Every structure is written in C-alpha cells, then in structure tokens.
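Residues per chain, in single letters:
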Amino acid sequence: MLSNRKTFSYMKTLFLFIAINVFIFVSQVNAKNKDALDKIYDGVIRLWVDEGQGNYSLGSAFSINEDGYFVTNHHVIASALSGNELVAIESTFPTQVGHPATIVWSSAEKDLAIIQVSGWQRPGLTLALSEHVRKRQHVTSIGFPGASDAFGADNPGFMEPKTKTGTISALTTVLPVNNINVGLFEHDATINQGSSGGPLVNECGWVVGINVSKVREIIKMPVLTELPGTPSFIEGIFDLGDVVIPVVNLASWMGITSPPEAEEEKRVIITVWSKVS
C-alpha cells in the first residue's frame, strides 16, 4: 500500500498529466475551429451590380465548390439578367480587384441564383440537409451588410464578412409559389441590407439557409392609394415616413383563399429585402 505522501505525489503527477493532455486537446480543437471559421469566411464574397446612370447594388454570395460556383439571391443579381455588369469583389484596399461573374441559373420564385466567377476559386461551404434544421437551433448569419460600410471601401474592414448569431424560432413551408414549394424558416440572427445572398450556418459551420429578408414592423392596414393597371394582388400604396410602400396581398398572389376573419383583421408586414443600393 502506498503511503499518504507517495499517494499524494502520484495523484499530483496524474493530475498534471491529465491537465497537459486536456490543454493539448483543447488547443487542437480551437485550432481546428479557427481553421473551419477561416474557411467559411473565405467562402463568402461581395457582389456588385452596375445598374447604370451611377446606380449600383451590393449583396453577398457564398461558394459551393472550388470551381468558382457561388449561390446568392435572385433579387441580388436580377438587374444583371438584363445585361448589367455583375462583379465579384476580391479587394478594394490598397488596390481594387474585381472578377466578372456570369449567371448560371436563377429562380425568382425561390429567390435563389447560382453564378460562376472564372479565375477566382474559394473554398466551398458544406450544405446541410433540410431535415437537419430544427427549432431552437443556434445559427450564424454571415454577409456584408451595408450598415457596416460607413467608413467607405478604403477601409480594410470593408472586405471582412460580418457575423450575427441567433436561434431558429419557426419552420414554415409556403405553398405554392407558381406551383413551386418554397421552404422558409424564421430566425433572429440580425441581417441588414447587403446581407442578401449570405449563408446562414449552424454550429457545425454547415449552410442551413440563405438570408432573404427581415421584418421591420407589423402595422394595421393603412388607407391605401390604388394603382390602376396593376395586378390584382397589389392592393395599393401608402406613405411610411418618406418611403412609399406597395402592399402585396400574398394570399392572392399565391392563389390562397383567405378566411373571413383574416379580412377583418388585416395587418401589413413591412419587410426589408436585404439588398443595398
């Protein structure tokens, strides 16, 4: 039997051995996590669309392979479908470097698009299966919100993707949009104009969705000004401060009959589509 002194010495040595190995293990995990995060950040890029007459729009996109293919929102690149220039921005400081991008596929109904950027390959992000998305799951929004660009493109931080964390609070399937099922879910990770096209990733760094829009506020149905000659699902417009807001009846647009009680308690959801112009 070991003496108390020998037992104490043995336990101290064992504890030190365990502590060193735990430290090495944690250091390795942290290094792997950092490498994984760097890969995610490297796979998220800025997009710029020249809309003519001095106008332009900005958005985000993320790589899906190392062959120059990226996913973004349809509404980010929509104006490029008519021939406007679409550019993937690699750097703005100290020199400006951009790469022409071509639209491979897009869907207005799904608000998704695939683009190809020749000559600029980035690490592809891993895509999660939809059945792996769960309520109360922690997620991170990644992109280039316009609000962070106040210091201009000469600021080195201009090319650093920004992150916001949150939790998935609801899973919804909107049926139908021109006979196409569109899967949506709600989360509270902050997104802003310019974040459109950026990925939403889970704690493993896998892409579970793409940022589309955010709800600004919900108000009672205001007095509307009708617009003659517009589709029936556009109910009119109203002024909200210095902004003119068109009101779209989503049920009518999707061919869904609203219950009578919904007509009595109409609300307007003010939505901000996260593209900055």
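Scroll up to find the structure.
Residues numbered from 1 in each chain as written. Predicted model: local features only at pLDDT ≥ 70, side-chain atom pairs only at ≥ 80, totals over all residues. Heavy atoms only, no water.

### Details of the nonpolar core
Next up, step 1: Judged by nonpolar contacts, the single largest core of 15 residues is most densely connected at I45, L47, I77, L86, I115 and V117.
Next up, step 2: When contributions to this core are tallied by element, the ones reaching two or more residues are β1 (44-52), α2 (74-77), β4 (86-91) and β6 (112-117).
Next up, step 3: What V117 contacts, discounting residues up to four positions off in sequence, is G68, F70, A88, H99, P100 and A101.
Next up, step 4: V44, V71, F144 and I210 belong to the second-largest nonpolar core, a separate cluster that totals 10 residues. (Core = buried A, V, L, I, M, F, W, Y, C linked by side-chain atoms within 4.5 Å. Buried < 20%, exposed > 50% of the residue type's maximum accessible area, 1.4 Å probe, protein only. Helix = DSSP H or I, 4+ residues; strand = E, 2+ residues; numbered from the N terminus. Contact = heavy atoms within 4.5 Å.)

### Some thoughts on the sheet that holds β1
The strands making up a sheet associate through hydrogen bonds between their backbones, and the pairing can be parallel or antiparallel.
Next up, step 1: Pairing within the closed barrel is antiparallel, and its 6 strands lie in the order β1-β2-β3-β6-β5-β4. If you compare each strand with its neighbour and ignore which way they point, the axes differ by 40 degrees on average.
Next up, step 2: Direction of pairing for strand β2 (residues 55-63) relative to strand β3 (residues 69-72): antiparallel, over a ladder of 2 bridges. In the sheet register, F62 faces β3, and the bridge partner there is V71. (Pairing = 2+ DSSP bridges. Axes fitted to C-alpha atoms, helices over the stretch in contact; angles between N-to-C directions.)

### Observations concerning the environment of I234
Next up, step 1: Secondary-structure assignment places I234 in strand β13 (residues 234-240).
Next up, step 2: Accessibility expressed as a relative area gives 25% for I234, which makes it partly exposed.
Next up, step 3: Residues I234 and S252 lie 18 residues apart in sequence; the distance between their C-alpha atoms is 8.9 Å.

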